[in-house]
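Structure at a glance
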Amino acid sequence: MHLLFVCTGNTCRSPMAAAMARAKIAELGLPWTVSSAGLGAAEGLPMSAMSAQALTRRHIPLPKHKSTMIRQDIIESADVILCMTNSHTRELQRQYPKFAEKIYALGTFLSHADDRAKHSRARSNGARDIADPFGGMDDAYEQAARDIEAALENLFKELTKHHHADNASDEGDDNQSSPGEGGTSS
């Protein structure tokens, strides 16, 4: 499985989410891959210093990141696309309608119990936006990192549940395959 994280400039939220996801994948021993891109990214910029600091405080290895503008080949290569805001989600679904079913707002995986009164967040269809910390103080990056962590925790619970269910059905006696997988033929 390949996860793609998308934000605006691909220097703050999406590279943080990708690094956190890589760490979680390594912890769980999954054979998954991760990348990130931006809807308005200037090519080749490093991760923001405050995003890197938020990762360092969490003991997450810093990636050798260079910002990347979203392209069709990147969209095509991803199995699940996770956007930082509802507007990113809508824009990608508009630009790439053929792939709309695999594009989600990462905030979909934040439970409402994670709300904190002092931090208002936009809601649309039950999904909260991961607020853009760009240009903000360290606490804005910390809040984005906390929201990403919480969403990833729920996302991985959901994805690994399906991953384990798919593996169990692949090992069943009925030799049926799930959509997109090759079955046995006689």
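Structure: above.
Basis of the calculations
Residues numbered from 1 in each chain as written. Predicted model: local features only at pLDDT ≥ 70, side-chain atom pairs only at ≥ 80, totals over all residues. Heavy atoms only, no water. Phe/Tyr/Trp six-rings, centres within 6.5 Å; stacked < 30°, edge-to-face > 60°. Buried < 20%, exposed > 50% of the residue type's maximum accessible area, 1.4 Å probe, protein only. Helix = DSSP H or I, 4+ residues; strand = E, 2+ residues; numbered from the N terminus. Arc of directions from axis to C-beta. Contact = heavy atoms within 4.5 Å.

Before going further, it helps to spend a moment on the packing of aromatic side chains. Counted according to the given criterion, the structure contains two aromatic pairs. Here tyrosine 104 and phenylalanine 109 contribute two aromatic rings whose centre-to-centre distance is 6.5 Å and whose plane-to-plane angle is 65°, an arrangement assigned as edge-to-face. Residue tyrosine 104 is classed as partly exposed on the basis of its relative accessible area, which comes to 35%. Since its relative accessible area comes to 17%, phenylalanine 109 is described here as buried.

All of the buried residues along helix α2 (residues 49–57) are Ser51, Ala52, Ala54 and Leu55. Looking straight down α2, one finds that the buried residues subtend no more than 155° of arc, so they occupy a single side. Just past α2, the residue histidine 59 takes up positive phi, approximately 60°.

Turning next to the side chain of threonine 89. Among the structural elements, threonine 89 can be located in helix α4 (residues 86–95). In this structure threonine 89 comes out as buried when scored by relative accessible area, which is 8%. Other than its neighbours up to four places away in sequence, threonine 89 contacts Cys83, Ile103, Tyr104 and Ala105.

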